[in-house]
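Okay, here's what each chain looks like letter by letter:
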Amino acid sequence: MHYDPEHLKQLLSFIERIYNDEDCGEFAAALRGIVGAESSSSASRSDSKIDKIEQYLALDYELDSVVNHDYDFISDRVVRDTLNADWREMMRIRYGLRGHRIDFEEYARFACLQVEMLLKYFYLKKYGDGTAPLDAIKQNYRNDPNTTFKPEFMSLNLMVNNLQYEFGWDYRTKLPLLNIVEVRNGESHRSPEEFKKSETALENSINQLKKKPSLSPDEEKELNKLKKDLKNLRNFYTWLSSAPYKEVVDNLEMLVNAIRSSMCY
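About the criteria used
- Residues numbered from 1 in each chain as written.
- Predicted model: local features only at pLDDT ≥ 70, side-chain atom pairs only at ≥ 80, totals over all residues.
- Heavy atoms only, no water.
- Helix = DSSP H or I, 4+ residues; strand = E, 2+ residues; numbered from the N terminus.
- Expected span 1.5 Å × (residues − 1).
- Buried < 20%, exposed > 50% of the residue type's maximum accessible area, 1.4 Å probe, protein only.
- Polar contact = N/O pair within 3.5 Å; in protein donor to acceptor, adjacent residues only side chain to side chain.
- Phe/Tyr/Trp six-rings, centres within 6.5 Å; stacked < 30°, edge-to-face > 60°.
- Salt bridge = Lys/Arg side-chain N within 4 Å of Asp/Glu carboxyl O.
- Core = buried A, V, L, I, M, F, W, Y, C linked by side-chain atoms within 4.5 Å.
- Contact = heavy atoms within 4.5 Å.
- Axes fitted to C-alpha atoms, helices over the stretch in contact; angles between N-to-C directions.
- Parallel < 35°, antiparallel > 145°, perpendicular 65-115°, else oblique.
- Left-handed = near helix turned anticlockwise from the far one by under 90°.
- Nonpolar A, V, L, I, M, F, W, Y, C, P; charged D, E, K, R; others polar.

Asks: How do you make sense of helix α4 (residues 77-94) when you look at a structure like this?
Replies: The end-to-end C-alpha distance of α4, which contains 18 residues, comes to 26 Å, matching closely the 26 Å that a straight helix rising 1.5 Å per residue would cover. Summarising burial for α4: 14 of the 18 residues are buried, a large majority. Two or three places before V78, at the opening of α4, D76 has a side-chain oxygen 3.0 Å from that residue's backbone nitrogen. Of the residues flanking the end of α4, it is G96, one or two places downstream, whose phi is positive at about 75 degrees.

Okay, here's the thing in structure tokens:
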């Protein structure tokens, strides 16, 4: 039995991350139970423990025959290994090798982890550390005659939206990334019933304002905001329900290629 040493290093890095995650206590306990059992010098006993670990993690080293991806342009090894591990985990979810089920929300969450790390790395390399990236983004918006938005902190949404200035991406191009950020933020964990409640609440608020004989400027602004929120809610839920795996990975690859090109020239 032969495994690629680089893959094993990435695997160990990933295991360490989830082992130390407070939300993964069950995994840590199970892993301790596997490797912390009564010691034995028997080769067969060692092989048995390895088999158990592989079974628990649902590892499939043949995944490399299905997907081939490498963040080779990232000079920071820790960042590069983490991105590669998250990519691999995302693909394992896509092909049902993690937990023996295909889960779009988990798939999108691992895509989002890569987007966030990529953008932080990109802005750090381009603008420097500290407040320099946020200051540069603020300047982008100040120079834009079509917006009055004033960013206050370096959120992931802000980093994605700023791609219009970095790479000329329009809203439609950025939308899949913005949607997976919503998945990461937990907005997707709504049952159809909860979605309907949110939709109804927005519709009721809109209808209440529409019943008024006239609206003040602030009420007009609130009405427009509610209409936009309702449209975005419906669009997001339609997108989520369609489980667009290819759109997510294509958009992630587009971001990777854009950053790669900007950093290599």
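That covers the picture; the talk isn't over yet.
Asks: Would you explain the packing of aromatic side chains in this entry?
Replies: How two aromatic rings sit relative to each other is given by the distance of their centres and the angle of their planes. Inspection of the entire model under this criterion finds eleven aromatic pairs. Pairing Y123 with Y127 gives two aromatic rings, centres 6.3 Å apart and planes at 20 degrees, and the pair type is stacked. Within this pair, Y123 and its partner Y127 are both found in helix α5 (residues 104-127), separated by four residues, close to a single helical turn. You can call Y127 partly exposed: its relative accessible area is 26%. With centroids separated by 5.0 Å and ring planes inclined at 75 degrees, the aromatic side chains of Y141 and Y165 adopt a geometry described as edge-to-face.

Asks: What am I meant to see in the pattern of salt bridges here?
Replies: Between side chains of opposite charge, a pair can form when the charged atoms approach closely. All chains considered together, the criterion is met by 14 salt bridges. Across the pair R184 and E116 runs a salt bridge whose closest N-O atoms are separated by 3.0 Å. Of this pair, R184 sits in helix α9 (residues 171-184) while E116 sits in helix α5, and the two are 68 residues apart along the sequence. On the accessibility criterion, R184 (29% relative accessible area) is partly exposed. Taken together, the shared-partner salt bridges connect K196, E199, E203 and R234 into one network.

Asks: What should I look at first to understand unusual backbone geometry in this one?
Replies: Trans peptide bonds make up most of the peptide bonds, and negative phi angles are found at most residues other than glycine. In this structure, A243 is a non-glycine residue whose phi angle is positive, near 45 degrees. Structurally, the position occupied by A243 is in the loop between α11 (217-242) and α12 (245-264). Residue class for A243 comes out partly exposed when judged on its relative accessible area of 25%.

Asks: For this particular structure, what's the right way to read the nonpolar core?
Replies: In terms of nonpolar packing, the biggest core is built from 53 residues, with L118 and L119 touching the most fellow members. It is α5 that contributes the most residues to this core, twelve residues altogether. In this view, L118 contacts Y71, F73, I74, L83, L252, L255, V256 and I259; residues no more than four positions away in its chain are not counted.

Asks: When you look at the packing of α9 against α12 in this model, what are you seeing that I'm missing?
Replies: Axes are the key here: two packed helices are described by the angle between their axes and the distance separating the axes. Put simply, α9 and α12 touch, their axes get as near as 9 Å, and they point 110 degrees apart. The angle between α9 and α12 falls in the class roughly perpendicular. Of the two elements, α9 crosses α12, and the hand of that crossing is left-handed. On α12, the residues touching T173, P176, L177 and I180 of α9 are E247, V248, N251, M254 and L255. The class makeup of the residues in the contact of α9 with α12 is six nonpolar, two polar and one charged.

On their own, these measurements won't tell you what the molecule is for.
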